[in-house]
Amino acid sequence: MTTNPFPVAIVGAGPTGVTAATLLGQYGIECLLLDRWTDVYPQPRAVHLDDEICRILARLGVYEDFVAISRPANGLRLLDSHMRLLAEFRRDTACSEHGYAKANMFDQPDLEAVLRSNLGRYRSVTLRGNSEVVGMARNGDLTTVVFADRATGEQHRVTARYVLGCDGANSVVRAAIGSTMRDLKFEQRWLVVDIATVAELNQWEGVHQVCDPIRAATYMRIGATRYRWEFRLLPHESAADYSDIAALQPLIAPWTGRVLADQLTLIRVAEYTFRAQLADQWRSDNIFLLGDAAHLTPPFIGQGMGAGLRDAMNLSWKLAGVLAGTLPASALDTYETERKPHARTMILLARTIGTAMTAGGRPGEVLRRAIAPRLRHVPGLKSKIVDGATPALSHTDLVLKPYLPLQLAGTLCPNPELDGRRFDAVVRGRFAVVTAQRPSDAQRRDLEQRGAVVVTAGRGSDLDTWLQSRRATVAIVRPDHTVMWAGRDLHTLSARLPTFVVGDHAPTPTNAQGRPQ
Ligand SMILES: O=C(O)CCc1cccc(O)c1
């Protein structure tokens, strides 16, 4: 290791840490990524990412690889204990306003392998496996990170200006900054089962949630020959009771039907305690928490891994801008203010679905039958469950919301095709000025000198329709695709646009799909 101090040290090379490292690498920021294992963690875990997260994968340059290992899904069905349909929430499997299928199923180790292999393209990122962080100390503006080489036992020290704790639910970084997890009051023991088979199960191709106060269950196809089930465990049960296909047969039979047991291969069976938790503090000085270190969600809406990638996307451009001296240090204050309420909303939504699936005993069944078909009219559930969209970010210095209802600031800009390339591939990690007004040459020059890409929203185009939907004609879109401000004139826009020029290190050019060329 030659660089000391590193601008950024990242603890944990799971999906969140690798995403942060890749995004920083695209801006040419040097970072050290430490992980306690040498390879990707082989156990299957997350299985779902939405279309908003596909935009992040495209930005990383791995979307085509993701397509090869994933499978679009039709959405979410709620079933009763007799497998009768209570409610169905369909997802667009072709192309949403973000440019991708709305629900995508996959096996986490496959995705992590893709992310790791892509990371090798960024020379400013050093990945050091077998390195377990054992301590951290503040040292003026720097942080000293102490880690042990797990092969030799030898201890090493590195210093870094910023440290990102992406080290999961049992985060050492979280403990080091004195942050604690706040319980959002959901805890259930579930059995998680992964099975491979070449036999066709002929089920609806989406997520099946069985609402049953005794034996709630989830089923989904996650690959050509891979299936995931989750079953709530009874108080006296453990994973040891379900260690082979024969023992699992009574649970999986509603989906496997006539498929013979010897056609099913058990990949793993494990017990998980599903929890809802949020760290009380996501930052201390120049140390930040991301991913499961900052939040834990029950999996009922498939938003666990995506939350970590959203954290990485939110923080990395701000960090790159501050390190390059083009953004004020206060930009970093917006990370927790923006991400924490968003993460909380998604966790509470997952908790609501989990509770709806399991609560109320047998009388609850009657209630569910009455309520489920009307769920789409419950305001809190509408966005993610019905429309498949996530909430707007809160007001900060980088999300400027006037006191008006229905506004674009804080929401994601759509990602339409512009002359054969997607919006994100044109903008490539910079600020965008989306305008239905024609800027003068001098205005355009000024905006571009400040690092922005000017995108014209031609009359009747997707971007024009989007602006008009909130009575706007111009918008500032941040490098993480979030609208910073939207309004009606370019002069006001210009006064609000931050200068964002990160060295010569603009993200790698990408093709139409957002893949680096
Ligand atoms: O909202 C959707 O379309 C899928 C939600 C989902 C994904 C993965 C697991 C799960 O329990 C729900």
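This structure is a prediction, so every number in the text was calculated from the model and none was measured.

A. Here's a closer look at the sheet that holds strand S25 (residues 483–487). Spatial ordering of the open sheet is given by S23-S22-S24-S25, a layout of four strands whose pairing is mixed. With one partner strand each, in any of the chains shown, strand S23 (453–456) and S25 form the two edges of the open sheet. This sheet shows a mean twist of 15° between the axes of neighbouring strands, independent of strand direction. In this sheet, strand S24 (residues 474–477) lies alongside strand S22 (residues 432–435) in antiparallel orientation, the contact comprising four bridges. Residue Ala 432 lies in a different strand from S24, and its bridge partner there is Val 477. Here helix H13 (residues 462–469) sits on the sheet in contact with S22, S23, S24 and S25, set at roughly 100° to S24.

B. Fine view of the side chain of Arg 422. Assignment of secondary structure puts Arg 422 in strand S21 (residues 421–422). At 2.7 Å, the side chain of Arg 422 and the backbone oxygen of Asn 415 are in polar contact.

C. Looking closely at the domain arrangement of the protein chain. Segmenting the protein chain into domains produces domain 1 (6–69 + 106–181 + 279–353) and domain 2 (392–517). Spacing between the C-alpha centres of domain 1 and domain 2 amounts to 26 Å. In this assembly, 30 residues from domain 1 lie in contact with 33 residues from domain 2. In this assembly, domain 1 packs against domain 2 so that about 2,600 Å² is buried in total across both faces, 58% of it on carbon and sulfur atoms. Area buried by domain 1 at its contact with domain 2 is led by Tyr 27, Arg 55 and Trp 317, which between them contribute 29% of it. Counting every contact that joins domain 1 to domain 2 gives two salt bridges. With a closest N to O distance of 2.8 Å, Arg 478 and Glu 338 form a salt bridge. In this structure, the connection of domain 1 to domain 2 is made through nine residue pairs in polar contact (both at pLDDT 80 or more). Sorting the residues of the side of domain 1 that touches domain 2 by element identifies helix H2 (51–60), helix H3 (63–69), helix H7 (304–323) and helix H8 (334–358) as the ones contributing at least two each. With six residues, the top contributor of residues to the side of domain 1 that touches domain 2 is H7. Split by residue class, the side of domain 1 that touches domain 2 holds twelve nonpolar, ten polar and eight charged.

Parameters at a glance
Residues numbered from 1 in each chain as written. Predicted model: local features only at pLDDT ≥ 70, side-chain atom pairs only at ≥ 80, totals over all residues. Heavy atoms only, no water. Pairing = 2+ DSSP bridges. Helix = DSSP H or I, 4+ residues; strand = E, 2+ residues; numbered from the N terminus. Axes fitted to C-alpha atoms, helices over the stretch in contact; angles between N-to-C directions. Contact = heavy atoms within 4.5 Å. Polar contact = N/O pair within 3.5 Å; in protein donor to acceptor, adjacent residues only side chain to side chain. Domains from an automatic or database assignment. Buried area = accessible area lost by both parts, 1.4 Å probe. Salt bridge = Lys/Arg side-chain N within 4 Å of Asp/Glu carboxyl O. Nonpolar A, V, L, I, M, F, W, Y, C, P; charged D, E, K, R; others polar.

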